[in-house]
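Here's the letter readout for the chains.
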Number of protein chains: 2
Amino acid sequence: MGHGSGGRLTAQLVRELFLPAFDNPVLGRLDDQAVVAAGDARVAFTTDSFVVTPLFFPGGNIGELAVNGTVNDLAMCGAKPLALAAAFIVEEGLAMEELAQVVDSMAAAARAAGVAIVTGDTKVVNRHSADKLFVTTTGIGLVPEGAAISAANARAGDVILLSGTIADHGMAVMTQREGLEIEGEIRSDTQALHGLVASMIEAGEIHALRDPTRGGLGTSLCEIAAAAGVGIEIEARAIPVRETVRGACELLGIDPLFVANEGKLVAFAAPERADAVLSAMRARPEGRDAVAIGRAVSAHPGMAVLRTEVGGSRVLDLPFHEQLPRIC
Amino acid sequence: MGHGSGGRLTAQLVRELFLPAFDNPVLGRLDDQAVVAAGDARVAFTTDSFVVTPLFFPGGNIGELAVNGTVNDLAMCGAKPLALAAAFIVEEGLAMEELAQVVDSMAAAARAAGVAIVTGDTKVVNRHSADKLFVTTTGIGLVPEGAAISAANARAGDVILLSGTIADHGMAVMTQREGLEIEGEIRSDTQALHGLVASMIEAGEIHALRDPTRGGLGTSLCEIAAAAGVGIEIEARAIPVRETVRGACELLGIDPLFVANEGKLVAFAAPERADAVLSAMRARPEGRDAVAIGRAVSAHPGMAVLRTEVGGSRVLDLPFHEQLPRIC
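Since this is a predicted model, take the numbers as computed values, not measurements.

The next thing to look at is the environment of Val67 of chain A. Residues and elements named next belong to chain A. Position of Val67 among the secondary structure elements: in helix α3 (residues 62–75). In this structure, the C-alpha to C-alpha distance between Val67 and Met200, residues 133 residues apart in sequence, is 22 Å. With near-sequence residues (within four places) excluded, Val67 lies in contact with Leu84, Met106, Ala109, Ala110, Ile117 and Thr137.

Take a look at the structure:
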């Protein structure tokens, strides 16, 4: 098994194993969250296992990553987070202080996001049966009436908005893990985005939202193009990448477009009020560096095309293997 | 860390680390599930990581265990399961056929329970960073109007009902793992119990319910006594244990009262209609062997006492270490 690490092999695993077995229309939508009816309410539901190594990295640790990641998966359909669950798999021998630090970070991140961790589970396994600590967080959220945000709902004409710089999280973990000497620190961008999403929904008409985590912005764009059957055209020069991050990517031969973010989103907004949405994003700290990076088009449906800085163009495609394993 | 494996050390970890950090009234109830308001609905919410070894054992595998375990945690507050999420942590090198078999079992168990797996996640980690496969399942369910089933709601006078034989699951895994030669096969009792619970609620007044998984029946009784502030008295001779299971327990020096079950429940029922509840249980295959095993009493609040077969009595207490690690 080399599957499951975020590239084409994962997509294959999902398509050939999980989808046929668990056959149902909600899972088939392949959004980052499911939406389930509970009485009169629509409940968003999402789960993720976090296996990042090392547990602590510049800008964060596995605990706040797990909380923010789950809050963001809820937010990507416009849902207001209601509650979180946390399941811990602990390798025997993990220092109690390390676990306590992770748990405290989770509590702080949950408080900051205004959501409570209401249920959980802990399993300890013997040495070498896990790598220190895995955290699986699951969230439920309330989808507001009328909200219809889904990758499948992107339309030709939509303006594509990006909330800030890309590749910070992945390169923060990578440089820490490899002990790479670089000038200036690269910090993870882990943060909760549900407040930003609420402002955006208020300001305009949002059709599709993704937080480009595993697989990065490039993968999110490929997925939205496929789900909505639209073409995507983006401008490389418009995509903000920090100098330190760009330098580290070049050093390691990694394309920042396919590196994980943990506090950014990409939005497909109806063109009429896209400017208002962009202004609303820039008015908040999480969206301070927001930019328009391109358009959804009716040409080349299902395909995302990057206009390069030198005037050429390149079709984006999922990498066969994930470039960076265990980044989240 | 020797914590987290189901005995007193786990209770200490929860009390000293998780509860203070994640401080909130829902978690503080320490039931197997949280209940969260979503619009006008009450949503039950529960998560569990499954780390059982071996993955396949007589009577089941990690996949159906994960689905049934989560369905049962929802059922223990009377909730009707609405949807499940599944997160997989896979060790590189796991055979695709093994994963497919687990996934197919999960799908079959979910179909049998009438609930869909609507969202999920997969992470692959390198060899020796996990032990083959861990599955974390999370469930949401709808709590019916008026239902108020919680460990804290057990009352003196309640009749204590047990749905069948104990210790089957734990000893099935244990004998398989140790290659123990015994006469007759011991099979896991993994099954979904929400249908049984629905029949019981219809027949009488249920105050508290637990499925005695990790830590077994003994641990569930200690927890209910503590949560409700009642005394508990049970009769050893009334508790059904299969002969093969009893033999294996004796051989290994293990007390069946503290061995995991995965398809049994213990109920605290108001005495007036306890007989009707027991009849309703016996009318279903999951409750065919149901029995009354004792009473909640006002004497010795917080303490569970076992009347032994020879006429003595013994106070039940959580084992310091879990007797059987990685049984679920």
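Right, picking up where we left off after that structure.
Position of Arg326 of chain A among the secondary structure elements: in the segment after β14 (313–315). At 2.8 Å, the side chain of Arg326 of chain A and the backbone oxygen of Val51 of chain A are in polar contact. A polar contact is formed between the side chain of Arg326 of chain A and the side chain of Asn126 of chain B, at a distance of 3.4 Å. Discounting chain neighbours no more than four positions away, the residues touching Arg326 of chain A are Val51, Val52, Thr53, Asp131, Phe134, Val173 and Arg177 of chain A together with Val124, Val125, Asn126 and Ser129 of chain B.

Here two copies of a chain appear, and what relates them is a rotation about an axis with a shift along it. Least-squares fitting of chain B to chain A yields an RMSD of 0.0 Å, with the transformation described by 0.0 Å of translation along the axis and a rotation of 180°. A rotation of that kind, with that shift, is consistent with a two-fold axis. Taking C-alpha positions as reference, the residue of chain B nearest the rotation axis is Ala130 of chain B, located at 2.0 Å.

So, on to the nonpolar core. Formed by 79 residues in total, the largest nonpolar core has its most connected members in Phe88 and Met171 of chain A. When residues in this core are grouped by element, the largest group, 8 residues, is from helix α4 (residues 96–113) of chain A. When near neighbours in sequence (up to four residues on either side) are disregarded, Phe88 of chain A contacts Leu99, Val103, Met106, Asp121, Thr122, Lys123, Leu133, Phe134 and Val135 of chain A together with Phe18 and Phe22 of chain B. Residues Ala86, Ala154, Ile254 and Leu324 of chain B belong to the second largest nonpolar core, which totals 77 residues.

Residues and elements named next belong to chain B. Compared with an ideal rise of 1.5 Å per residue, which puts 13 residues at 18 Å, helix α7 (residues 216–228) spans 19 Å between its outermost C-alpha atoms and is within 8% of the ideal. For α7, every residue scored as buried is listed here: Gly216, Leu217, Gly218, Thr219, Ser220, Leu221, Cys222, Ile224 and Ala225. In this fold, the buried residues of α7 make contact with β8 (159–162), β9 (206–210), β10 (231–235), β11 (266–269), β12 (291–297) and β13 (304–307). One or two positions beyond α7, positive phi appears at Gly229, with a value near 65°.

All names here are of chain B. With respect to topology, 5 strands assemble into an open sheet ordered β1-β2-β7-β5-β6, the strand pairing being mixed. The open sheet has two edge strands with one neighbour each: β1 (34–38) and β6 (116–125). Each neighbouring strand pair of the sheet contributes to a mean axis angle of 20°, computed without reference to strand direction. Relative to strand β2 (residues 41–50), β1 runs antiparallel, the two being bridged by 5 bridges. Pairing of Ala38 across the sheet is with Ala41, part of β2. Its contacts with the sheet place helix α3 (residues 62–75) against β2, β5 (80–91), β6 and β7 (133–142), and it is angled at close to 30° to β7.

Moving on, we get to the pattern of salt bridges. All names here are of chain A. Using the criterion set out here, one finds 26 salt bridges over all chains in the structure. For Arg210, the salt bridge identified is with Asp32, shortest N-O distance 3.8 Å. Placement of the pair is Arg210 in strand β9 (residues 206–210) and Asp32 in the loop between α2 (25–28) and β1 (34–38), with a sequence separation of 178 residues. According to the relative accessible area criterion, Asp32 is partly exposed, its value standing at 24%. Between Glu185 and Arg187 there is a salt bridge, with its nearest N and O atoms 3.4 Å apart.

Next up on the list: the interface of chain B and chain A. Between chain B and chain A, the residue contacts involve 72 residues of the former and 72 residues of the latter. Note that Asp121 of chain A is salt-bridged to Arg214 of chain B, the shortest N-O span being 2.9 Å. Among the elements that take part in the side of chain B that touches chain A, β6 of chain B stands out by supplying 10 residues, more than any other. Here the residues of the side of chain B that touches chain A sort into 42 nonpolar, 19 polar and 11 charged.

Residues and elements named next belong to chain A. Backbone torsion omega between Thr53 and Pro54 reads 0°, so that peptide bond is classified as cis. Following the sequence through the fold, Pro54 ends up in the loop between β2 (41–50) and β3 (56–57). Although it is not a glycine, His300 sits at a positive phi angle of roughly 30°. Locating His300 in the fold gives a position in the loop between β12 (291–297) and β13 (304–307). In this structure His300 comes out as partly exposed when scored by relative accessible area, which is 24%. Here the phi dihedral of Arg326 falls at roughly 55°; this positive angle occurs in a residue that is not glycine.

Within the secondary structure layout, Asp121 of chain A lies in strand β6 (residues 116–125). Asp121 of chain A gets classed as buried once you look at its relative accessible area, which sits at 7%. One polar contact links Asp121 of chain A to Arg214 of chain B, side chain to side chain, over a distance of 2.9 Å. Discounting chain neighbours no more than four positions away, the residues touching Asp121 of chain A are Ala86, Ala87 and Phe88 of chain A together with Thr47, Asp48, Ser49 and Arg214 of chain B.

It is worth spelling out the sheet that holds β10 of chain B at this point. Residue and element names in this part refer to chain B. Strands sit in the order β9-β11-β8-β12-β10-β13-β14 across an open sheet of 7 strands; the sheet is mixed. A single partner strand is all that each edge strand has here, and the edge strands are β9 and β14 (313–315). Taking each pair of neighbouring strands and ignoring which way they run, the sheet shows an average axis angle of 25°. Looking at chain direction, β8 and β11 are connected through 4 bridges and run antiparallel. Across the sheet, residue Leu161 finds its bridge partner in β11, namely Ala267.

A low pLDDT means the predicted coordinates there should not be read in detail. Looking at chain A as a whole, its pLDDT mean stands at 93, while 96% of the residues score no less than 70. As a predicted assembly, this complex carries a pTM of 0.94 together with an ipTM value of 0.94.

Scoring rules and cut-offs
Residues numbered from 1 in each chain as written. Chains lettered and ligands numbered in written order. Predicted model: local features only at pLDDT ≥ 70, side-chain atom pairs only at ≥ 80, totals over all residues. Heavy atoms only, no water. Helix = DSSP H or I, 4+ residues; strand = E, 2+ residues; numbered from the N terminus. Contact = heavy atoms within 4.5 Å. Polar contact = N/O pair within 3.5 Å; in protein donor to acceptor, adjacent residues only side chain to side chain. Least-squares fit on C-alpha atoms with pLDDT ≥ 70 in both. Core = buried A, V, L, I, M, F, W, Y, C linked by side-chain atoms within 4.5 Å. Buried < 20%, exposed > 50% of the residue type's maximum accessible area, 1.4 Å probe, protein only. Expected span 1.5 Å × (residues − 1). Pairing = 2+ DSSP bridges. Axes fitted to C-alpha atoms, helices over the stretch in contact; angles between N-to-C directions. Salt bridge = Lys/Arg side-chain N within 4 Å of Asp/Glu carboxyl O. Nonpolar A, V, L, I, M, F, W, Y, C, P; charged D, E, K, R; others polar. pLDDT = per-residue confidence, 0-100.

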